[in-house]
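Residue-level listing of the chains:
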Amino acid sequence: MTAGVDSPTRTHQTASLSPALKQATPVVVDHALGSWIHGTDGRDYLDFTTGIGVTSTGHCHPHVVAAAQAQCAKVIHAQYTTVMHPPLLELTERLGAVLPLGLDSVFYANSGSEAVEAAIRLARMATARPNIIVFQGGFHGRTVAAASLTTAGTRFSAGFSPLMSGVHMAPFPYAFRYGWDTDTAVDFALRELDYLLQSRVAPNDTAAFLIEPVLGDGGYLPTPPRFLQGLRERADRHGILLILDEVQAGFGRTGKFWGHQHAEGLTPDIIITAKGLASGFPISAIAASTELMSKAWPGSQGGTYGGNAVAAAAAIATLEVIENENLVENARERGEQMLAGLREVCAPFPGIGDVRGLGLMAGIEFITTDAAGNTVPDAAAAVAVQQATTTQGLLTLTCGPSANVVRLIPALVVTADEIDLGVARFQAAVSSVSL
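Residues numbered from 1 in each chain as written. Predicted model: local features only at pLDDT ≥ 70, side-chain atom pairs only at ≥ 80, totals over all residues. Heavy atoms only, no water.

As named in an unreviewed UniProt entry, the chain is Aminotransferase class III-fold pyridoxal phosphate-dependent enzyme, taken from Gordonia westfalica. Check the Sequence similarities (unreviewed entry) section of the UniProt entry for the chain; it says "Belongs to the class-III pyridoxal-phosphate-dependent aminotransferase family." Under the UniProt heading Cofactor (unreviewed entry), the note attached to the chain is "pyridoxal 5'-phosphate". (UniProt positions renumbered as here; feature names shortened; annotations may be inferred.)

Rendered as structure tokens:
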């Protein structure tokens, strides 16, 4: 008989976290508030990671905390395909005020990966077409289907093949990588997309284009508005759906409520949101027109924890905080301040090739030269600087296919003084590393 909990032969066992999990910092949190994490080591850290863009209203915003506490005393979980609960109904109504016009039907899940898969499933069902075109450097999740759509690094999709079929990749207009200006990169990427549609992926076999308004794990690269508009034009011409993955860029982070709104007049067919939606509570959603959503097959949407009551209450409170505290405008102003400050302090360092961003999403790309004199990514420098920022009391992360980009993701509530302090601590970190 196998030894179990009640077996007299069972010996003591200590569990630990999976060794596959890699920590970006050694910090253990005691408590956190606003833009600050207070560690068990007694130090205070300015948090420019925000749970990878999740704690949009800062840590433990009092209004969000109160909403979650109040909902916990009413009902914690009411499975929404069995019974309905008021927070989800109210959240859906309130999202209608911020979603792009025409996107009036919402489906809820738990995570960004699940929402991405729901969007892909809807697109394939609605069009009866198999293929999805993604763009180089995009990150869309870690589940098998979502990882199949992800090209932000092989670490997200290697080692568990075969991946989902029907996924095809087109170039992203990564101007710095190509050594071009933005317009040249956009022209190139649109030409290559057209060539892909001519040579490999027939338009009438293509269900959707899937893209982030700002590449997240792919290097914090804002998608040029003209490229998004080019995708919209081609989608309309060929009957292809345009899916915008706003998991990281949405909910005010870029200085507009949705990242794609920087492309004037653009409306996606499906929008995906998660992360900052509920200030740290797990909830995600996709939105589409009722006409499009109605093409999903009966029973194809669901999930045990989707639209959890406490998470929905926190999402309502998050929307209220964003509106009442004018956080979208704050993201724009503080983002401009942060980018200007970073460009100034990074200018003297030849090992920093590019400083870019949109709103409260900033990426600093580290480079070096190889033996042939070619410019190549410098992941070692990026990691060294990211670790040095922790020493300086500033929490940051790396990203990019080569892991050579340090990204800064402050909360939407960040103040001007905190931005100045963060830039100063970043400068001190860079100065402490040989570049």
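There is more to say, and it comes next.
Once that is clear, we can look at the overall build of the chain. For the chain, the count of helices and strands is 13 helices and 18 strands. For 435 residues, the compact-globule estimate of 2.2 N^0.38 gives 22 Å, and the chain sits close to it at 22 Å. Taking the intrachain contacts of the chain between residues at least 6 apart in sequence as the baseline, contacts between residues at least 24 apart amount to 71%. Accessible surface computed for the chain: about 19,000 Å², of which carbon and sulfur atoms make up 54%. Of the charged side chains in the chain, 27 are positive and 39 negative; the average position of the first set lies 5 Å away from that of the second. (Helix = DSSP H or I, 4+ residues; strand = E, 2+ residues; numbered from the N terminus. Rg over C-alpha atoms; globule rule 2.2 N^0.38 Å. Contact = heavy atoms within 4.5 Å. Areas by Shrake-Rupley, 256 points an atom, 1.4 Å probe, with all protein chains shown as cover. Lys, Arg positive; Asp, Glu negative; His and termini not counted. Charge placed at Lys NZ, Arg CZ, Asp CG, Glu CD.)

Across the sheet, seven strands lie side by side as β4-β12-β11-β10-β7-β5-β6; this open sheet has mixed pairing. Sheet topology places β4 (105-109) and β6 (167-170) at the edges, where each strand pairs with a single neighbour. Neighbour to neighbour, the strand axes of the sheet diverge by 20 degrees on average, direction disregarded. Strand direction decides the pairing type here: strand β11 (residues 270-273) and strand β12 (residues 284-288), joined by four bridges, are antiparallel. The residue of β12 that forms the bridge with isoleucine 270 is alanine 288. The strands touched by helix α8 (residues 225-238) within the sheet are β5 (131-135), β7 (206-211) and β10 (241-245), with β7 carrying the most contacts at an inclination of about 170 degrees. (Pairing = 2+ DSSP bridges. Axes fitted to C-alpha atoms, helices over the stretch in contact; angles between N-to-C directions.)

On to the pairing of strand β13 (residues 352-357), then. Burial of β13 is extensive: five of the six residues sit out of reach of the surface. In sequence, β13 turns back onto strand β14 (residues 362-369) through a hairpin of four residues, with glycine 359 there showing a positive phi of about 60 degrees. (Buried < 20%, exposed > 50% of the residue type's maximum accessible area, 1.4 Å probe, protein only.)

Here the focus is the pairing of β5. Within a regular beta strand, the side chains point alternately toward one face of the sheet and then the other, so they alternate between its two faces. For β5, a buried count of five out of five residues is recorded, marking the element as mostly surrounded by other parts of the structure. Residues of β5 alternate between two faces, with Asn131, Ile133 and Phe135 on one and Ile132 and Val134 on the opposite face, all of them buried. Sheet analysis places β5 next to β7, joined by three bridges and oriented parallel. By the bridge assignment for β7, isoleucine 132 is matched with alanine 208. Taken together, the four bridges between β5 and β6 define a ladder with parallel strand orientation. Within β6, the residue paired with valine 134 across the bridge is methionine 169.

Now for a nonpolar patch on the surface. Taken together, the side chains of Val144, Phe160 and Leu163 present a nonpolar region at the surface, about 220 Å² in accessible area. Locating leucine 163 in the fold gives a position in the loop between α5 (144-148) and β6. A residue is classified by how much of its surface remains accessible, and leucine 163, at 33% relative accessible area, is partly exposed. (Patch = residues over 30% accessible without salt bridge, like charges linked within 9 Å, V, L, I, M, F, W, Y side chains within 5 Å. Salt bridge = Lys/Arg side-chain N within 4 Å of Asp/Glu carboxyl O.)

Now for the layout of surface pockets. Considered as a void within the structure, the largest pocket measures approximately 1,500 Å³ in volume. Around the largest pocket sit 46 residues that line it, and Lys22, Ile52, Arg142, Leu397 and Arg407 are the ones nearest its centre. Within the residue set of the lining of the largest pocket, elements represented by two or more residues are α1 (50-53), α4 (112-127), α12 (379-391) and β17 (397-399). Looking at the lining of the largest pocket residue by residue, the classes come out as 21 nonpolar, 16 polar and nine charged. In this structure, the second largest pocket spans a volume of roughly 370 Å³. Lining the second largest pocket are 22 residues, and of these Tyr174, Arg177, Glu365, Pro401 and Ser402 lie nearest its centre. Counting residues per element, the ones that place at least two in the lining of the second largest pocket are α6 (175-178), β14 and β15 (375-377). Residues that form the lining of the second largest pocket fall into these classes: eleven nonpolar, nine polar and two charged. (1 Å grid on protein atoms, 1.4 Å probe; cavity = no way out; pocket = protein on both sides within 12 Å on 5 of 7 lines; lining within 4 Å. Points joined across faces, edges and corners; volume = space filled by probe spheres on them. Nonpolar A, V, L, I, M, F, W, Y, C, P; charged D, E, K, R; others polar.)

To continue, consider the environment of glycine 51. With respect to the helices, strands and loops of the structure, glycine 51 is situated in helix α1. Judged by its relative accessible area of 44%, glycine 51 is partly exposed. In this structure, the C-alpha to C-alpha distance between glycine 51 and alanine 411, residues 360 residues apart in sequence, is 9.6 Å.

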